[in-house]
Amino acid sequence: MEKSGSVDSLGSKRSSSRQPSVDSLSSTSTSRSDRSGQAKPPSAMSSDSVSTSAEFSPELRVKPKASAKQVIRESDKEEPQLLPNETVQDMAQDITYFCPFTGALRGTVTITNYRLFFKCMDREPTFVLDLPLGVVSRVEKIGSASSRGDVSYGLVCKDMRNLRFAHKQLEDTLRKSIFEVLMKFAFPVSNGLQIFAFEYGQVFPENGWKVYDAVSEYKRQGIPNESWRITKVNDHYELCDTYPSTLAVPVNIPDEELKRVAAFRAKGRIPVLSWIHPESQATVTRCSQPMVGVNGKRSKEDEKYLQAIMDANAQSHKLFIFDARPSVNAAANKMKGGGYESEDAYQNAELVFLDIHNIHVMRESLRKLKDVVYPNIEDSHWLSNLESTHWLEHIKLILAGALRIADKVESGKTSVVVHCSDGWDRTAQLTSLSMLMLDSYYRTIRGFEVLLEKEWLSFGHRFQLRIGHGDKNHTDADRSPVFIQFIDCVWQLTRQFPAAFEFNEYFLVTILDHLYSCLFGTFLCNSEQQRLKEEIPKRTVSLWSYINSQLEEFTNPLYVNYSNHVLFPVVSLRHLELWVGYYIRWNPRMRPQEPVHQRHKELLAKRAELQKRVDELQREVTNRSASSSSERAGSPTRSITPVQTFV
Amino acid sequence: MFSVKPMKPTFKCYLPPVQTDVKKNIEPPIKKLEPKLLPGEIVVNEVNFVRKCISAESNQDDLWGKLICTNFKVSFIPQEAPPKQKSQLSHLLLGEHDIPLTCLEQVVTVNDTKGKKKVLGSNQKLKFNPTELILYCKDLRIIRFCFDEAGPESARKVCLAIAHYSHPADLQLLFGFEYQGRRYHESKGERVNGSTPRGGMQTPIFDRPSDWDREIKRTGASEWRVCSVNESYAVSPSLPEYIVVPVSLADQDLKQFSTFFTDRRIPLWCWNHPNGSALVRMACVVDPIQQRKIEQRIFTAITKSHPQRSEVIRSELDKCLPNIQDIQSAFVKVRQICVLDPFEESEERWLSSIDNSRWLEYVRAFLKHAADIVYYMEGKNVSVILQEEEDRDLNCVVSSLVQLMLDPHYRSLIGFQSLVQKEWVMAGHRFLDRCNHLKKNYKEESPLFMLFLDCVWQMMNQYPATFEFTEAYLTVLSDSMWIPLFSTFLFSSSKQRAQHLMDFAKNKAIPQGEDQVVYFPPVWEWSQQFSIKDQTLFNNPMYVGKGAACVQNGEVKTFRRTKKTYSSTLRGTATLMRNGLKEGEETLVRRGSLMSELKSDFSAVKDESPSERFFRDWFSRPADQQGLLIPLSMPSHVALWKLFFLRWVPEACITRGGSITAYHKLSQLVDEIEILQSQLRQYKGPSPGNTPLPSPSGPPSDQRRMYFKASSPDDPPTPPDFLTSSFPFTPSGNLCRRSVYGTPISKFLNGARIWLSTETLANDTV
């Protein structure tokens, strides 16, 4: 790893509070990963806090330079380690935290512009709860004045937990409760404040904003070629303000015609290339619904355009249009001017509905799931309760849709067009998942970052609206766990193909944690245009800067880089599982599964050690034989069995 | 290895030999299709031009060949052997298309044109000529044969023969007796002086005092002794000849007590914790008047055998765990859902169906109960008595699970086998009845051993580095229950075994005094079933056993198990909370704690019980691979054992995926490590100072421990085809349900479209 100031401090910090890097292949679920027999110095934190705080790890590992030399052990202090430009806003003692697992705890709460920090010193080991404020979805005052005069607050979090605190009724009625302060900083957007990502000034050795460059990604795919070109028609986001500036379109459709196609597609989101098969030239293209309406409007340009997409692939005389929605929903959209392609108008095209439900259904499903898993799982009827949330059935439908797309492209050598209503939720899920199945590049860490940057961020998945960063309006109907679902689907794939992905579970959990934390700028705003306007790349740090600066943490040691491996997962409830390492991680009874990865790392280290010793002996022998009998120099002592040392 | 020559029939066939009229109908070339027979095996009936269904979707892969019924198996010999799939487990005694008769669950004949179907039993008539034969197997396979081109009469006869021979009238008719007798005499030449001691057999059988003595020493149970009061089964017919009892009880006392227990079963010592607490299993006292008195004396004796004279806690398993009928019906349901129901139909309500079968609930209940007992022995330092009416069913499961959790020795291959031998075979689990080998009494059938294996798998699934063996081993072990060639799973008690084997020895002219284990070996002699290479599939590359390496702070250290490391998990909890017997019983009796709590958004905080604290403490610490192991018994952490239940289901088979791909990678790595270690040894070996060493090489291939060898540079760019989630088994031809059409992909996709929930459409604005 490169050396720079911040990395040094990162290293020194680690040795004090975390395990050395060899041991810390910790995902949230595997935070106690070093379970191979050696004793680990007892963590300064209780189990609850291990899963809470250590995982939002930048603040733990990347310490500001100023405090790097501090000798005070973290556990002796009441305040958290502050990040660069993080400032304490309020502090209060004698706060009770009602831990649903270990009971009521009394301690100190610190509120900064980034986090809530609760510490209980009475417990051995010390109990710590460290919560980025971005995770808070709403704050509720419960039962204003109880008999004992306590005021109690409930924090509903976006990451599947609810926290409850209480403190004594304040005598000074003018003084604000610390939770009023919390509300101010938890919802900076609603309170005219800045999201913390704009203040966080950490420097990383790598600049994650450079990970994705549209032109070079298209170039990697072989675009431009004789059938596809790159257009700059959307350079100033005039064609479509939710699309990226760089688009790949069929060669024989001039920019002028693209504008007429845009008029026929919802929000101007015309069909553009997502992925092209390196051999068959079959493509995955994405768009929004056609504006057919009740009268069945047609657009000659749009029809010609889809014909051009089909013609660009010489292998097949068919085009598949995958409409992600259930057919009834697609039909209902006609009332609002939308709809779907009629097979009469689009010759040689076959329309398939994938029956994936809308964002509201998904939101409701996740809400039900939270009820079932937090704080405790009921002892009986677990699977039936899980079934009643429909969460895994939604996951199944999304994966089944992506598999159909991948199968058409790979086995059928046929090009596909994917859309839903606007083409930024279900469409993003489908194109990115099918690309993960088709192209092993996206299964590397950097490839996956590129995939997210491309299919999700640049194509305008509305992260700000779906997550509601810093916004107190928790009932906003635009919020929905579309992206969480996608990451869940990826996790399902990693379960079925444990050696096919370069990244590990911790990588996926980290992405989801920082989806909410507002520490990095990656998931801010709704579109490329907005991000440019807000100067996000200039003013914030990319999540990829953090991740790519310590890749080892996120690497799956079992990864085998099979280049021609197309994944055909079994999309059946028999193989789909609830992601307990994410959804149930707060429960301290949930000891993670013994990590296979950890053991693998140990074995790798052992092999390296042995290889070294064998090499040394080998050299020794060679030298000895060379000196003792020079005439035999060059004798094949090097015929030692070569042992592969790829990782 | 074995003579392929067909043996002369030693007893009369049930049916006349096959008529040859079949051969007239079909033109040559007819390859002579000879079955591979074991010593003592004879062909009972056969039919040619049979079609074996390979996939449920289409006929194009179907195989043509001859269907044969012998006194051991149903065999199918294909006309053209398809290229054998590489790297697949191959059985030394059974061909790819063979099914032992004992493995048959149901024999069903069908006549499609007449729309008739009949389940065949022993000695039955069949009024129609079958067009199809479907064999439902106990290892969950479903094999289908079609007779569209076969002689109708011969087909009918073969079906009847199969049905008849799979319902043996007597235990001695199981093929193992014939086979092992022949084998004994044929291999006589290889034995020195006509007898071999249990050569190479490392698994203790516990049929002699020395095996028990060793176990007493190993666990430090100094206050316990081996007692021979049951020699020649003088006291109890279902106990082993040698048992372990408290030293304070004299043989005379034991004889006296025995009369009060069910089946005269004296309480049996199972295991000792390093802290001195003992695990004891016992039957119920029959006489309610004497009950208190007898139990008190037993308890006192056990207390005396505890170094701290600590109290004894009793756990009555009959009262808090599902009974054998519950378990059987759960297994029947889960099997129905996994293999019998059409894939798509069961897909729709998969989770709730699995839930409703209650199989996982029972698995969880047993794990949880065993963990509760671990808490008493480890956390409270008290001895525990497991009590059950007969002490031959639930006690077997719970006592072996407790020992697996507490003692890492049992998590090694040999240790595990000795545990099964000790707590199941010797303790008198009724394998004969529970397996229903004779298909006589279906009421007694219950897959308790299967349930135990599932519990072991759950632990393995949660702690993949703690067992020396793999899930493939557990699956193969479960399959071995249905191969009647080994003594392990054939009998219901030690005495029954002894009697049958004595009769057998007499019949087969095996000299008296010959060791039973030699002439009728247990299943633990794996080399009878699998090649050395295939047996390496049992080895878990991740296992952290004695001497295994682990990395600490980036350095390689050798993991050495210090004496009694496993007691280190005590960490001062021994003196914690010593509440009275009452509190203890309460917790133990609480059945799988089926109570549920009311939940609100911010649920009330409850107080922790001492046992909950014990478990939380344990879970918050890094686990010691060679120490105490407590499985998570939250419902979310008990999963369906897919390799066992779904290995034959083609639709559920992940090609080039599944956990085997991780196993593949890990095995290769461990193989590389072992090559390097072997090279190092050669360098360091006794070599004269100046002469150049011979270039070192890896260990000879037959000594390599890993199934998958270190990779070579020319590895293919895609994962090998044989790596599927069913590996080392294959669904191909092993699960042919009737009337299912369409390709796998289109099938589940159609299924996916069925699901259209009650969700409203009005909201579809986005």
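Residues numbered from 1 in each chain as written. Chains lettered and ligands numbered in written order. Predicted model: local features only at pLDDT ≥ 70, side-chain atom pairs only at ≥ 80, totals over all residues. Heavy atoms only, no water.

Undergrad: Quick question: what am I supposed to make of the sheet that holds strand β13 (residues 312–316) of chain B here?
TA: Two orientations exist for strands paired in a sheet by backbone hydrogen bonds: parallel and antiparallel. Residues and elements named next belong to chain B. Strand order in the open sheet made by the 4 strands is β11-β12-β14-β13, with mixed pairing throughout. The strands lining the two open edges of the sheet, one partner per strand, are β11 (268–272) and β13. If you compare each strand with its neighbour and ignore which way they point, the axes differ by 20° on average. As defined by bridge partners, strand β12 (residues 278–282) adjoins strand β14 (residues 383–387) across 4 bridges and the pair is classed as parallel. Within β14, the position partnered with Val280 by the bridge is Ile385. (Pairing = 2+ DSSP bridges. Helix = DSSP H or I, 4+ residues; strand = E, 2+ residues; numbered from the N terminus. Axes fitted to C-alpha atoms, helices over the stretch in contact; angles between N-to-C directions.)

Undergrad: For this particular structure, what's the right way to read helix α8 (residues 324–340) of chain B?
TA: Think of an α-helix as 3.6 residues a turn; residues three or four steps apart then line up on the same face. All names here are of chain B. For α8, spanning 17 residues, the distance from its first C-alpha to its last is 22 Å, which sits close to the expected 24 Å at 1.5 Å a residue. For α8, the set of buried residues is Ile324, Ile327, Gln328, Ala330, Phe331, Val334, Arg335, Ile337, Cys338 and Val339. Measuring from the side-chain oxygen of the N-cap residue of α8 to the backbone nitrogen of Gln325 gives 3.0 Å; that N-cap residue is Asn323. (Expected span 1.5 Å × (residues − 1). Buried < 20%, exposed > 50% of the residue type's maximum accessible area, 1.4 Å probe, protein only. Polar contact = N/O pair within 3.5 Å; in protein donor to acceptor, adjacent residues only side chain to side chain.)

Undergrad: What's the story with the confidence of the model for chain B in this structure? I'm lost.
TA: One rule of thumb: low pLDDT means the predicted coordinates there are not for detailed reading. Residues and elements named next belong to chain B. Per-residue pLDDT for chain B averages 82, and the proportion of residues at 70 or more is 78%. Mean pLDDT across the elements of chain B bottoms out in helix α20 (residues 581–589) (34) and peaks in helix α12 (residues 394–406) (98). This model gives residues 1–28 a pLDDT under 50, and the stretch forms 46 contacts once residues within four places in sequence are excluded. Confidence drops under a pLDDT of 50 for residues 547–604, and excluding neighbours within four residues, the segment shows 131 contacts in the predicted structure. In the predicted complex, the global pTM is 0.86; the interface-specific ipTM is 0.86. (pLDDT = per-residue confidence, 0-100. Contact = heavy atoms within 4.5 Å.)

Undergrad: Got a minute to help me understand the packing of helix α12 (residues 426–438) of chain A against helix α13 (residues 445–458) of chain A in this structure?
TA: Axes are the key here: two packed helices are described by the angle between their axes and the distance separating the axes. All names here are of chain A. Their axes nearest at 10 Å, the elements α12 and α13 cross at an angle of 150°. The pairing of α12 with α13 is recorded here as roughly antiparallel in orientation. The two elements α12 and α13 cross, and the hand of that crossing is right-handed. Contacts between α12 and α13 involve Ala428, Gln429, Thr431, Ser432, Met435 and Leu436 from the former and Phe448, Leu451, Lys454, Glu455 and Trp456 from the latter. Among the residues forming the contact of α12 with α13, the class breakdown is 6 nonpolar, 3 polar and 2 charged. (Parallel < 35°, antiparallel > 145°, perpendicular 65-115°, else oblique. Left-handed = near helix turned anticlockwise from the far one by under 90°. Nonpolar A, V, L, I, M, F, W, Y, C, P; charged D, E, K, R; others polar.)

Undergrad: Looking at this structure, I do not really get the environment of Leu67 of chain B. What am I missing?
TA: Checked against the element boundaries, Leu67 of chain B lands in strand β2 (residues 63–70). Among all residues touching Leu67 of chain B, those that are not within four sequence positions of it are Asn45, Glu46, Val47, Val50, Val74, Ser75, Phe76, Leu133, Phe145, Phe147, Val158 and Ile162 of chain B.

Undergrad: Quick question: what am I supposed to make of the domain arrangement of chain A here?
TA: Bring the parts together and some accessible area is lost; that lost area is often taken as the interface size. All names here are of chain A. By the assigned domains, chain A splits into domain 1 (88–186) and domain 2 (208–589). Each side of the interface is counted separately: domain 1 has 17 residues, and domain 2 has 24 residues. Together, the buried faces of domain 1 and domain 2 total about 1,700 Å²; carbon and sulfur atoms form 62% of this surface. Counting the surface domain 1 buries against domain 2, the share from its top three residues, Phe101, Lys158 and Met160, is 45%. If you look at where domain 1 meets domain 2, you find 0 salt bridges. When the residues that make up the side of domain 1 that touches domain 2 are grouped by side-chain class, the tally is 10 nonpolar, 3 polar and 4 charged. (Domains from an automatic or database assignment. Buried area = accessible area lost by both parts, 1.4 Å probe. Salt bridge = Lys/Arg side-chain N within 4 Å of Asp/Glu carboxyl O.)

Undergrad: Looking at this model, I keep getting lost on the state of the cysteines. Mind explaining?
TA: Disulfides are covalent bonds that connect the sulfur atoms of two cysteines. Residue and element names in this part refer to chain B. Throughout the structure, instances matching the rule amount to 0 disulfides over all chains. The cysteine Cys137 is free of any disulfide, with Cys103 supplying the nearest cysteine sulfur at 4.8 Å. Looking at the unpaired Cys736, the closest cysteine sulfur is the one in Cys53, lying at 5.4 Å. (Disulfide = S-S within 2.5 Å.)

Undergrad: Explain the packing of helix α15 (residues 482–496) of chain A against helix α16 (residues 505–517) of chain A here, please?
TA: Residues and elements named next belong to chain A. Following both chains from N to C, one finds α15 and α16 inclined at 175°, their axes separated by 10 Å at the closest point. Here α15 lies roughly antiparallel to α16, going by the angle between them. In this structure, α15 contributes Phe483, Ile484, Ile487, Val490 and Trp491 to the contact, and α16 contributes Glu505, Leu508, Ile511, Leu512, Leu515 and Tyr516. Of the residues in the contact of α15 with α16, the class split is 10 nonpolar, no polar and 1 charged.

Undergrad: Sorry, what's going on with the pairing of strand β7 (residues 162–168) of chain A here?
TA: Residues and elements named next belong to chain A. Counting buried residues in β7 gives 5 out of 7 residues, a clear majority hidden from the surface. Alignment of strand β1 (residues 88–99) against β7, held across 2 bridges, turns out to be antiparallel. Bridged to Thr96 within β7 is Ala166. Sheet analysis places strand β6 (residues 150–157) next to β7, joined by 7 bridges and oriented antiparallel. Bridging from a neighbouring strand, Gly154 pairs with Arg164 of β7. Where β6 hands over to β7, the hairpin turn is made up of 4 residues, of which Met160 adopts a positive phi near 75°.

Undergrad: Would you mind going over helix α5 (residues 251–258) of chain B with me for this structure?
TA: Residue and element names in this part refer to chain B. Taken together, the buried positions of α5 are occupied by Asp253, Leu254, Phe257 and Ser258. Angularly, the buried residues of α5 cover 130° about the axis, an arc narrow enough to put them on a single face. Of the surrounding elements, those touching the buried residues of α5 are β9 (224–227), β10 (243–246) and α6 (288–304). (Arc of directions from axis to C-beta.)

Undergrad: Before we go on, may I ask you to explain the confidence of the model for chain A in this structure?
TA: Taken over all residues, the pLDDT of chain A has a mean of 85, while the share at 70 or more is 83%. pLDDT under 50 marks residues 631–647 of chain A. Its contacts with residues more than four places away, or in other chains, come to 33 contacts.

Undergrad: How should I be thinking about the side chain of Ser288 of chain A in this particular structure?
TA: All names here are of chain A. Inspection of the secondary structure assignment puts Ser288 in the loop between β11 (283–287) and α7 (300–311). Of note is the side chain of Ser288, whose polar atom sits 2.6 Å from the backbone oxygen of Ala266. Every residue in contact with Ser288, bar those within four places of it in the chain, is listed here: Arg265, Ala266, Arg269, His419, Cys420, Ser421, Asp422 and Gly423.

Undergrad: What is the right way to look at the sheet that holds strand β3 (residues 73–78) of chain B in this model?
TA: Residue and element names in this part refer to chain B. Taken together, 8 strands build an open sheet; the order of strands is β4-β3-β2-β1-β8-β7-β5-β6 and the sheet is antiparallel. If you trace the sheet from one side to the other, it starts and ends with β4 (99–100) and β6 (116–120), each paired once. As paired elements, strand β1 (residues 43–52) and β2 share 7 bridges and run antiparallel to each other. In the strand pairing of β2, Glu46 is matched with Ile68. Helix-sheet contacts for helix α2 (residues 152–165) involve β1, β2, β3, β5 (104–111), β6 and β7 (132–137), and the interaxial angle to β1 is about 125°.

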